[in-house]
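Summary of the model geometry
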Amino acid sequence: MREKSVWRRACGLSDTVVEGLDFDDAAEAVIVSVRPVAKARRRCGRCGRRSAGYDQGEGRRRWRALDLGSTRVFLEADAPRVRCRLHGPTVARVPWARHGAGHTRDFDDLAAWLAVHTSKSAAMQLLRVAWRTVGAIVARVGADIDAQVDRLEGLRRIGIDEISYKRGHRYLVVVIDHDTRRLVWAAPGRDEVTLHRFFDDLGEERAARLTHISADMADWIAKTVAARAPGAVRCADPFHVVVWAMEALDTERSRAWNEAAGRRRSGLVLRRVRAKGEALKIRRARYALWKNRDDLTPRQEHQLAWVAKTDPRLWRAYLLKEALRYVFAVKGEEGKEALDRWLAWARRSRLPAFVLLARRIVVHRAAIDATLEHDLSQGLIESTNTKIRLLTRVAFGFHGPEPLIALAMLALGGYPPRLPGRN
Ligand SMILES: [Zn+2]
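Sequence order as written defines residue numbering, which begins from 1 separately in each chain. Local features in a predicted model are, by the rule used here, given only for residues with pLDDT of at least 70; side-chain atom pairs are given and counted only at 80 or more, and totals for whole chains, interfaces and linings are based on all residues.

**Observations regarding the overall build of the chain**
What counts is decided by this rule: Each helix corresponds to a stretch of at least 4 residues labelled H or I by DSSP, and each strand to a stretch of at least 2 residues labelled E; elements are numbered beginning at the N terminus. The globule rule used here is 2.2 Å times the number of residues to the 0.38 power, and the radius of gyration it is set against is calculated over C-alpha atoms. Exposure in this text rests on C-beta crowding, where 20 or more other C-beta atoms within 10 Å of a residue's own make it buried, 12 or fewer make it exposed, and counts in between make it partly exposed. The C-beta atoms are placed from the backbone.
Scanning the chain for helices and strands turns up 17 helices and 14 strands. The globule rule puts the C-alpha radius of gyration for 423 residues at 22 Å, and the 28 Å found for the chain is more than 25% above it. When the 423 residues of the chain are sorted by exposure, 37% land in the buried category.

**Examining the sheet that holds strand β8 (residues 157-165)**
Worth spelling out the cut-off: In this analysis, strands are considered paired if DSSP registers two or more bridges between them. The axes are straight lines fitted to the C-alpha atoms, using for helices just the contacting stretch, and the angles between their N-to-C directions are given from 0 to 180°. By the convention adopted here, residues are in contact when the distance between their C-beta atoms, placed from the backbone, does not exceed 7 Å.
Overall, mixed pairing links the five strands, which are arranged β10-β9-β8-β11-β12 in an open sheet. In the strand order of this sheet, the two ends are held by β10 (182-188) and β12 (233-236), each with one partner. The mean angle between the axes of side-by-side strands here comes to 25 degrees, regardless of whether they run parallel or antiparallel. In the sheet, β8 pairs with strand β11 (residues 212-215) via four bridges, with the strands oriented parallel. If you follow Ile-160 over to β11, its bridge partner there is Ala-215. Sheet contacts for helix α15 (residues 365-374): β11 and β12; angle to β12, the most-contacted strand, approximately 95 degrees.

**A word on the packing of helix α13 (residues 332-347) against α15**
Selection rule: Each crossing gets its handedness from the near helix: less than a right angle anticlockwise from the far helix is left-handed, clockwise is right-handed.
At a minimum axis separation of 7 Å, α13 and α15 run at an interaxial angle of 145 degrees. For the pair α13 and α15, the crossing hand works out as right-handed. Of the residues in α15, those in contact with Gly-332, Gly-335 and Lys-336 of α13 are Asp-369, Leu-372 and Glu-373.

**Looking at the domain arrangement of the chain**
Stated precisely, the cut-off is as follows: Note that domain bounds follow an automatic or database assignment of domains.
Entries for the chain in the domain assignment read domain 1 (1-101), domain 2 (103-148 + 397-423), domain 3 (158-235) and domain 4 (238-374). If you average the C-alpha positions of domain 1 and of domain 4, the two centres end up 62 Å apart.

**Quick notes on unusual backbone geometry**
The backbone of Arg-181 sits at a positive phi, close to 65 degrees, despite the residue not being glycine. Turning to its location among the elements, Arg-181 is positioned in the loop between β9 (170-177) and β10. By the C-beta count within 10 Å, which is 14 here, Arg-181 ends up partly exposed.

**Examining the sheet that holds strand β4 (residues 60-68)**
The mixed open sheet is built from four strands, whose spatial order is β1-β2-β5-β4. The sheet is open, and its two edges are formed by β1 (16-24) and β4, each paired on a single side. Across the sheet, the mean angle from the axis of one strand to that of its neighbour is 25 degrees, orientation sign disregarded. Pairing of β4 with strand β5 (residues 71-78), which is carried by seven bridges, proceeds in the antiparallel orientation. In the sheet register, Arg-64 faces β5, and the bridge partner there is Phe-74. Helix α1 (residues 2-10) rests against β1, β2 (29-36) and β4 of the sheet, and its axis sits at about 90 degrees to β1.

**Considering the packing of helix α5 (residues 192-202) against helix α7 (residues 219-228)**
To be explicit about the condition: Here the term charged refers only to Asp, Glu, Lys and Arg, the term nonpolar to Ala, Val, Leu, Ile, Met, Phe, Trp, Tyr, Cys and Pro, and the term polar to all other amino acids, Gly among them.
Running from amino to carboxyl end, α5 crosses α7 at an angle of 30 degrees, the nearest separation of the two axes being 9 Å. Like other packed secondary-structure pairs, α5 and α7 cross with a definite hand, here right-handed. Two secondary-structure elements touch here, α5 through Glu-192, Leu-195, His-196 and Phe-199 and α7 through Trp-220, Ile-221, Lys-223, Thr-224 and Arg-228. Class assignment for the residues of the contact of α5 with α7 results in four nonpolar, two polar and three charged.

**What about the pairing of β8?**
Most of β8 is tucked away: eight of the nine residues are buried. Note that β8 and β9 share eight bridges and pair antiparallel. Considered in β9, the bridge of Ser-164 is made with Tyr-171.

**Some words on helix α4 (residues 131-148)**
This is how the line gets drawn: A helix is expected to span 1.5 Å for every residue after the first.
In this model, α4 (18 residues) spans 26 Å end to end at C-alpha, consistent with the 26 Å of a helix rising 1.5 Å per residue. All buried positions along α4 are accounted for by Val-134, Gly-135, Ala-136, Ile-137, Val-138, Ala-139, Arg-140, Val-141 and Gly-142.

Here it is in structure tokens:
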């Protein structure tokens, strides 16, 4: 008797009776036979409602539990079905595992915690499971937390962003809270239908309480926001405006590269000349040109100095990009004045990409001014964007977008997975 209660505690089980112990030589695992205590039996696996018995389901089954030392442990129990008034015949709930799971609740929680806090290979080796399995677990743990919290309560100032995953073929719409700095909503897609779902989830009353919405200048976002949250001030995401400047800079860089490489058009055939000499230098200077000036390595400083000396046009493009970054760094009235000066400079720059950019900025000037006035954090959008893109790499091998979204929510949503046995 004493022995069984020690095992019950060693496995962190509650509402559960340990019936017996065995060692499965083939599986090299400890098998702990269990059953739910009386009050925890005959409940619907989906809603927990007490229900009449239906049948024995598929008989006895096993759940992988946390290892004891280096030895695998499985819980083994009957898995009968009940007839729920709402859900019909359903496998009965068990106190030690989530519905439909092949792992115990503690195992799930540890796997989710490791997915958030350690590397993919560390988690896989420690847990001895496939990465795809970790993905399914992360989705399960995420859904469990989602059922208990309301992430959309109290939102005032939000940011909407689209993030590509799967090498740019698929997209997520994500919504962040500027005040709590949390990721509060995400769904696959990049269109009005997807964003309407967010506003459906939010509800009309809470949408009316939104005061500021920052987003990039995509038309589908602007249209949906205007329709669903007409009272909110729409702010241009400075991060995306700076990305436009980087694109314009890149156009100039390609121009410089093409000139230096001596790429010529002969009839319809484009002759590619191997990058060498100046062209190679321009290509290597790419990262130096893109980077924040404060973050440059000495080598990149050197590359920039070289660009300044040898290609005044490209250098001008670089300065324009940096100056636009400055506009958003100073903000407020000073930022607006800086933007006026920037626009005048860009128009006179004789760099077609920047002349176009100036026009684009004028079109969105009201939303950009709103950003400068209301001081919505650029760093937040940028860092969330970067973190989610890193997570898309971690989630590579997961099945479908749901585990990726769950992982992002666990990592950035403010409700992290708990470690088993600890609160
Ligand atoms: Zn039910």
